[in-house]
Amino acid sequence: MYPWLRRDWQTLLDVAHAGRLGHAWLLLGDDGLGKEQLADALAALHLCQHPTADGACGQCHACQLLDKSHHPDFNRIGREGKSIGVDPVREVCRRLNESAQLGLGKVLIVEQAERMTEAAANALLKTLEEPPGNSLIVLLTSQASRLLPTILSRCNKHHCLQPAEEVTLSWLQGQGIMATPSQVRLCQGAPLRVKAYLEEGSDAMRRTLLEAVVSLRREPTRLPEVASAMATDLEHTIPWLQLLINDVLKCQAGCGVSQLAMPDLDSQLHELAELCSCEQLLDSQRDLVALRERCQPGQLVNPSIHIQQWLSRWL
């Protein structure tokens, strides 16, 4: 168990040992916190033939099958695809309604549950309203607002909080990754997100793209090129733009380098602070929030046009 999740696990374990686990849980928290590990631990506990005070025994036949991904009563809908359609949800709900092959119950884990289409969510809702037998359904999400209120009301909820910055830095160092506090903040404090961010070289890409954005005031002809580059990964580039504007506003307010989310762009931030008015920046930030909302998976056909329009208004 990740060190920052141990307290979360103990909380859930206490609920389970008290006989109050119920049939449905919603694990809330940012992506990159490792909520999947908590869900897997709950699944193992629910299916274990000889559970212990600390969770699943890890030795029984059920635990061994689960460890090898062969347990017949375990179901998972993973992160594949931009959305979760109704067909896979109907299929796993059908399996939940069948008798458990090992006789202990059944488990369904749905990762990034906010990706469910309306039809898929309604199909799952029917199972949540009438849970079959000794079943356990665990939904994971970082965006609870995108789930149906009726689904939210039928689940027990547990919020996974971000670990302290020093915990994240210490864990990353143990993984052989030397991160800076600003890099942790760029990833909203989620340890696994920081790890992926650095291993994938995203820090260098962030700097390159944002330097290009700043240079557009001097080289406006690069606008289509920069917009196209940013549109390839809006999940990351829009938050980077939001942090860029926040840092420029901080510079205008007289904040020091230590208070910036991206101190490595200090000179560019001060350049923009002199060129842009506070009103322009606030308007751009508002428009960016609206754009981010429209950029949910499957909503924009050509996102590069929208990001180019935003850049044009800002510049």
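All of the points below concern the structure found in this document. None of the values given here were measured: they were computed from a predicted structure.

## Observations regarding the layout of surface pockets
Working step 1: Roughly 260 Å³ of volume is contained in the second largest pocket.
Working step 2: Counting residues per element, the ones that place at least two in the lining of the second largest pocket are α2 (35–47), α3 (61–67) and β2 (74–77).
Working step 3: Across the lining of the second largest pocket, the residue classes break down as five nonpolar, four polar and three charged.

## Some details on the pattern of salt bridges
Working step 1: This model, assessed by the stated rule, comprises 24 salt bridges.
Working step 2: Among the salt bridges present, the one from D264 reaches R206, with a minimum N-O distance of 2.6 Å. In this pair, D264 sits in the loop between α12 (234–252) and α13 (266–275) while R206 sits in helix α10 (residues 202–215), placing the two residues 58 residues apart along the sequence.
Working step 3: The exposure class assigned to D264 is partly exposed, which follows from its relative accessible area of 32%.
Working step 4: R206 sits in the buried class, given a relative accessible area of 1%.
Working step 5: The partner of R222 in a salt bridge is E219, and the shortest N-O contact between them spans 4.0 Å.
Working step 6: The exposure class of R222 is partly exposed, given its relative accessible area of 24%.
Working step 7: It is possible to trace a salt-bridge network through shared partners that takes in D31, K35, E36, D40, R76, R79 and E111.

## Comments concerning helix α9 (residues 191–199)
Working step 1: Those residues of α9 that sit buried are P191, V194 and Y197. One face of α9 carries all of its buried residues, which in axial projection span an arc of 125°.
Working step 2: Taken together, the buried residues of α9 touch α7 (165–174), α8 (181–186), α10 and α12.
Working step 3: Just beyond α9, the residue with positive phi is G201, at close to 75°.

## Observations regarding the sheet that holds strand β3 (residues 106–110)
Working step 1: A sheet is described by the order of its strands in space; here five strands give the open sequence β2-β3-β4-β1-β5, paired in parallel fashion. Across the chains shown, the open sheet's two edge strands, defined by having one partner strand only, are β2 and β5 (156–159). Averaged over all neighbouring strand pairs, the angle between strand axes comes to 15°, with direction disregarded.
Working step 2: Strands β1 (24–28) and β5 of the sheet are contacted by helix α1 (residues 6–17), whose axis makes an angle of about 160° with β5.
Working step 3: Those strands touched by helix α5 (residues 118–129) are β1, β3 and β4 (135–141), and its axis lies near 140° from that of β4.

## Some details on α5
Working step 1: Over its twelve residues, α5 extends 16 Å from the first C-alpha to the last, a length consistent with the 16 Å expected when each residue adds 1.5 Å.
Working step 2: For α5, the set of buried residues is A120, A121, A123, L124, L125, T127 and L128.

## Things to note about the side chain of Q242
Working step 1: Of note, Q242 is situated in helix α12.
Working step 2: We classify Q242 as buried; its relative accessible area is 13%.
Working step 3: Contact partners of Q242, with chain neighbours within four places excluded, come to Q285, L288, V289 and R292.

## Section: the environment of K250
Working step 1: With respect to the element layout, K250 can be found in helix α12.
Working step 2: Along the chain, K250 and G19 lie 231 residues apart, while their C-alpha atoms are 50 Å from each other.

## Here we look at the packing of aromatic side chains
The description of two aromatic rings rests on the distance between their centres and on the angle between their planes.
Working step 1: Within this structure, the stated rule accounts for four aromatic pairs.
Working step 2: Taken together, a centroid distance of 4.8 Å and an interplanar angle of 5° make the contact between Y2 and W4 stacked.
Working step 3: Note on W4: relative accessible area 8%, which makes it buried.
Working step 4: Here the aromatic residues Y2, W4 and W171 are joined through ring pairs into a cluster of three or more.

## Describing the packing of α7 against α9
Working step 1: Running from N to C, α7 and α9 cross one another at 50°; their axes reach a closest spacing of 10 Å. Classified by the angle between their axes, α7 and α9 sit oblique to one another. Every pair of crossing elements has a handedness; the one defined by α7 and α9 is right-handed. From α7, T168, W171 and L172 reach across to α9, where they touch P191, L192, V194 and K195.
Working step 2: Across the contact of α7 with α9, the residue classes tally to five nonpolar, one polar and one charged.

## Considerations on the nonpolar core
Working step 1: Counting residues in hydrophobic clusters, the biggest one holds 73 residues, and the most contacted among them are L241, L244, L311 and W314.
Working step 2: Among the elements that make up this core, the one with the highest residue count is α12 (ten residues).
Working step 3: Discounting residues that sit within four places of it in the chain, L311 has contacts with V213, L216, L223, V226 and A227.
Working step 4: Counting 25 residues, the second-largest nonpolar core is a separate cluster that includes L96, L108, A123 and I137.

## A word on the side chain of S135
Working step 1: Note that S135 resides in strand β4.
Working step 2: Only 2.9 Å separates the side chain of S135 from the backbone oxygen of P132, close enough to count as a polar contact.
Working step 3: Not counting residues up to four positions away in its chain, the partners in contact with S135 are H23, H46, L96 and K106.

Criteria and thresholds
- Residues numbered from 1 in each chain as written.
- Predicted model: local features only at pLDDT ≥ 70, side-chain atom pairs only at ≥ 80, totals over all residues.
- Heavy atoms only, no water.
- 1 Å grid on protein atoms, 1.4 Å probe; cavity = no way out; pocket = protein on both sides within 12 Å on 5 of 7 lines; lining within 4 Å.
- Points joined across faces, edges and corners; volume = space filled by probe spheres on them.
- Helix = DSSP H or I, 4+ residues; strand = E, 2+ residues; numbered from the N terminus.
- Nonpolar A, V, L, I, M, F, W, Y, C, P; charged D, E, K, R; others polar.
- Salt bridge = Lys/Arg side-chain N within 4 Å of Asp/Glu carboxyl O.
- Buried < 20%, exposed > 50% of the residue type's maximum accessible area, 1.4 Å probe, protein only.
- Arc of directions from axis to C-beta.
- Contact = heavy atoms within 4.5 Å.
- Pairing = 2+ DSSP bridges.
- Axes fitted to C-alpha atoms, helices over the stretch in contact; angles between N-to-C directions.
- Expected span 1.5 Å × (residues − 1).
- Phe/Tyr/Trp six-rings, centres within 6.5 Å; stacked < 30°, edge-to-face > 60°.
- Parallel < 35°, antiparallel > 145°, perpendicular 65-115°, else oblique.
- Left-handed = near helix turned anticlockwise from the far one by under 90°.
- Core = buried A, V, L, I, M, F, W, Y, C linked by side-chain atoms within 4.5 Å.
- Polar contact = N/O pair within 3.5 Å; in protein donor to acceptor, adjacent residues only side chain to side chain.

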